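Each chain is listed here by its residues.
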Amino acid sequence: MKTYEIENDFLKVCFIDYGGTIIGIYDKQNGHENLVISFDDVNDYIIEGEPYLNSLVGPVAGRIAHGQYELDGKIQQLSINSHINHLHGGQSGISKHFFKIVLINDYSALCSLRTNHDGDGFVGQFDYQVIYRLEDSKLIIEYEATPEHRTILNMTSHLYFNLSGDMKSSIEDHLIKIEANKRMTLHEDEYPLNIVDLETDDVFDCRNTKKLSEIHNSFHPEIVNSRGLNHAYLLDGSIYLMDEVSGRQLKLTTDAPSAVFYSANYFNDSYILNKRQRGYPHCGIAIETQDIPNGINVVDDKESFIYGPHRVYRQKTSYEFSNLIKGK
Ligand code: GLA
């Protein structure tokens, strides 16, 4: 395993070839504090399954209900690796592969991978190219994937944020604003079930800024069942995450149609994170920009979820960090 870094005056981003995983995003203007959740020991990133800490995810991000979808009149069966569902590409997902890393210059790098996912029910070769690039106080991630045959494909970066810096506190007091008028409900087996409008009195409505604890402490059955947020929103604009104590703000903008918010609900004390701290639920929040998860089983326009030689998958997402107190 090798470690790489890119940096500019504002940010330093460290990552490894395994899963193209980011192992730290450091705020150079404010004490070099780490703005993501990180394992202390890089070897801990080599793990089967959960928690996909800051790794790239594909060929399919999120859950595909029962691992099944229909393609050209035939039912395709993917591996089942999360209860009754397929999750994050399975054992052979890109988070479990070594990428080839090329540093383009001080502030950008290309991660590439050519592989198959035969063991998880995907057909043919897949070519992935992901660029990490810094632009002032922004980290930009650009994805491109070309499958050899027609298939579903949906990529994300599983970054878990905690803006307090070095995980000084939980994310319960972080403020969130999501410019989204619709969200997806979750089946009790945790797969995205259907798309619903957000009403103003709805605990899931984040069009006006609210504290994450307000959502986590609600008795909404979907929050109780998943022990916090694990939900997709259909985006109409940007996402804002703020920590009033440090004054830090993350503004996330993407051309992907949705984002899944997962508040580390199953983190436990076996994880050693951010300078010898134990993991715990809600110590961070993953914001996973992507196509509508399980979309092929939910949305009428099935073809929009199919990629192949005829249609390259692309996504561009920008994470802009600023300090509202210090005016940067
Ligand atoms: C996604 C899923 C969660 C969990 C994480 C990885 O966010 O929706 O249920 O599996 O990935 O830990």
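Quick caveat: nothing in here was measured; it's all calculated off a predicted structure. (Residues numbered from 1 in each chain as written. Predicted model: local features only at pLDDT ≥ 70, side-chain atom pairs only at ≥ 80, totals over all residues. Heavy atoms only, no water.)

**Q** Is there a simple way to explain the overall build of the chain in this structure?
**A** A count of helices and strands for the chain gives two helices and 27 strands. In summary, the chain has a C-alpha radius of gyration of 19 Å against a globular reference of 20 Å for 328 residues, a match within 12%. The C-alpha extent of the chain, read off along each of the three principal axes, is 55 × 50 × 35 Å. The proportion of buried residues among the 328 residues of the chain is 59%. Across the chain, contacts joining residues at least 24 apart in sequence account for 65% of those joining residues at least 6 apart. (Helix = DSSP H or I, 4+ residues; strand = E, 2+ residues; numbered from the N terminus. Rg over C-alpha atoms; globule rule 2.2 N^0.38 Å. Buried < 20%, exposed > 50% of the residue type's maximum accessible area, 1.4 Å probe, protein only. Contact = heavy atoms within 4.5 Å.)

**Q** I tried to follow the side chain of His88 on my own but got confused; where do I start?
**A** Here His88 lies in the loop between β9 (86-87) and β10 (100-105). On the basis of relative accessibility, which here comes to 5%, the residue His88 falls in the buried class. Within the structure, the side chain of His88 is placed 2.9 Å from the backbone nitrogen of Gly62, a separation counted as a polar contact. Not counting the four nearest positions on each side in its chain, His88 is found in contact with Tyr52, Val57, Gly58, Val60, Ala61, Gly62, Gly93, His158 and Glu288. (Polar contact = N/O pair within 3.5 Å; in protein donor to acceptor, adjacent residues only side chain to side chain.)

**Q** Help me out: how do you make sense of the pattern of salt bridges in this one?
**A** Pairing between side chains of opposite charge can happen when their charged atoms approach one another. For the structure shown, the criterion picks out 17 salt bridges. Between Asp27 and Arg248 there is a salt bridge, with the nearest N and O atoms lying 2.8 Å from each other. Remark: Arg248 occurs in strand β21 (residues 248-254) and Asp27 occurs in strand β3 (residues 22-27); sequence separation between them is 221 residues. Each of the two residues, Asp27 as well as Arg248, counts as buried. Here Arg150 ties to Glu303 by a salt bridge, and the two come within 2.9 Å at their closest N and O atoms. Of this pair, Arg150 sits in the loop between β13 (138-147) and β14 (151-152) while Glu303 is found in the loop between β25 (285-290) and β26 (306-307), placing the two residues 153 residues apart along the sequence. Owing to a relative accessible area of 29%, Arg150 belongs among the partly exposed residues under this scheme. (Salt bridge = Lys/Arg side-chain N within 4 Å of Asp/Glu carboxyl O.)

**Q** Please explain the state of the cysteines as it appears in this structure.
**A** Linking two cysteines covalently via their sulfur atoms produces the bond known as a disulfide. Taken as a whole and assessed by the stated rule, the structure comprises zero disulfides. Here Cys111 is not cross-linked by a disulfide; its sulfur's nearest cysteine counterpart is in Cys14, at 13 Å. Sulfur of Cys283: no disulfide; nearest cysteine sulfur belongs to Cys206 and is 19 Å away. (Disulfide = S-S within 2.5 Å.)

**Q** What is the right way to look at the site of the ligand in this model?
**A** Around the ligand, a shell composed of Glu50, Pro51, Tyr52, Arg63, Leu87, His88, His158, Tyr160, Asn230, Tyr262 and Glu288 is seen. At 3.0 Å from an oxygen atom of the ligand is found a side-chain nitrogen or oxygen belonging to Arg63. Taking His158, its side chain carries an N or O atom lying 2.8 Å from an oxygen atom of the ligand. For the ligand, whose free accessible area comes to 310 Å², the fraction covered by protein is 96%. (Near = heavy atom within 4 Å. Areas by Shrake-Rupley, 256 points an atom, 1.4 Å probe, with all protein chains shown as cover.)

**Q** So what exactly am I meant to see when it comes to the environment of Asn105 here?
**A** Relative to the elements of secondary structure, Asn105 occurs in strand β10. Residue class for Asn105 comes out partly exposed when judged on its relative accessible area of 30%. For the pair formed by Asn105 and Ile6, sequence separation is 99 residues and the distance between their alpha carbons is 7.9 Å. A polar contact of 3.1 Å, which involves the side chain of Asn105, links it to the backbone nitrogen of Tyr107.

**Q** What is the right way to read the nonpolar core from this model?
**A** A general trend in soluble globular proteins is that nonpolar side chains are found buried together. Judged by nonpolar contacts, the single largest core of 71 residues is most densely connected at Phe15, Tyr132, Leu139 and Phe261. Filtering out sequence-adjacent residues up to four positions away, Phe261 remains in contact with Ile176, Ile178, Leu229, Asn230, His231, Tyr233, Ile239, Ile285, Ala286 and Ile287. One finds Phe39, Tyr160, Ala264 and Ala286 within the second-largest nonpolar core, a separate group that totals 17 residues. (Core = buried A, V, L, I, M, F, W, Y, C linked by side-chain atoms within 4.5 Å.)

**Q** Would you explain the packing of aromatic side chains in this entry?
**A** What characterises a pair of aromatic rings is the spacing of the ring centres plus the angle enclosed by the ring planes. If you walk through the whole model with that rule in mind, you get 14 aromatic pairs. A ring pair is formed by Tyr233 and Phe261, whose centres lie 5.3 Å apart and whose planes are at 80°; its orientation type is edge-to-face. With Tyr233 in strand β20 (residues 230-243) and Phe261 in strand β22 (residues 258-262), this pair connects stretches of sequence that are 28 residues apart. In this structure, Tyr233 and Phe261 share a single accessibility class: buried. (Phe/Tyr/Trp six-rings, centres within 6.5 Å; stacked < 30°, edge-to-face > 60°.)

**Q** Can you walk me through the sheet that holds strand β4 (residues 33-34) in this structure?
**A** Remark on secondary structure: sheet strands pair via backbone hydrogen bonds, oriented parallel or antiparallel. The strand order β1-β2-β3-β4 describes an open sheet built from four strands, whose pairing is antiparallel. In the strand order of this sheet, the two ends are held by β1 (3-7) and β4, each with one partner. The pairing of β1 with strand β2 (residues 11-16) spans five bridges and is classified as antiparallel. Its bridge partner being in β2, Tyr4 is matched across the sheet by Phe15. (Pairing = 2+ DSSP bridges.)

**Q** It is not clear to me how unusual backbone geometry should be interpreted in this structure. Could you clarify?
**A** Excluding glycine, residues mostly have negative phi values, and the peptide bonds linking residues are mostly trans. Cis geometry marks the peptide bond from Glu50 to Pro51; its omega dihedral reads 0°. Checked against the element boundaries, Pro51 lands in the loop between β4 and β5 (56-57). Of note in this structure, His66 is not a glycine but carries a positive phi near 55°. Structurally, the position occupied by His66 is in the loop between β6 (63-64) and β7 (68-71). Here His66 falls in the partly exposed class, since its relative accessible area comes to 39%.

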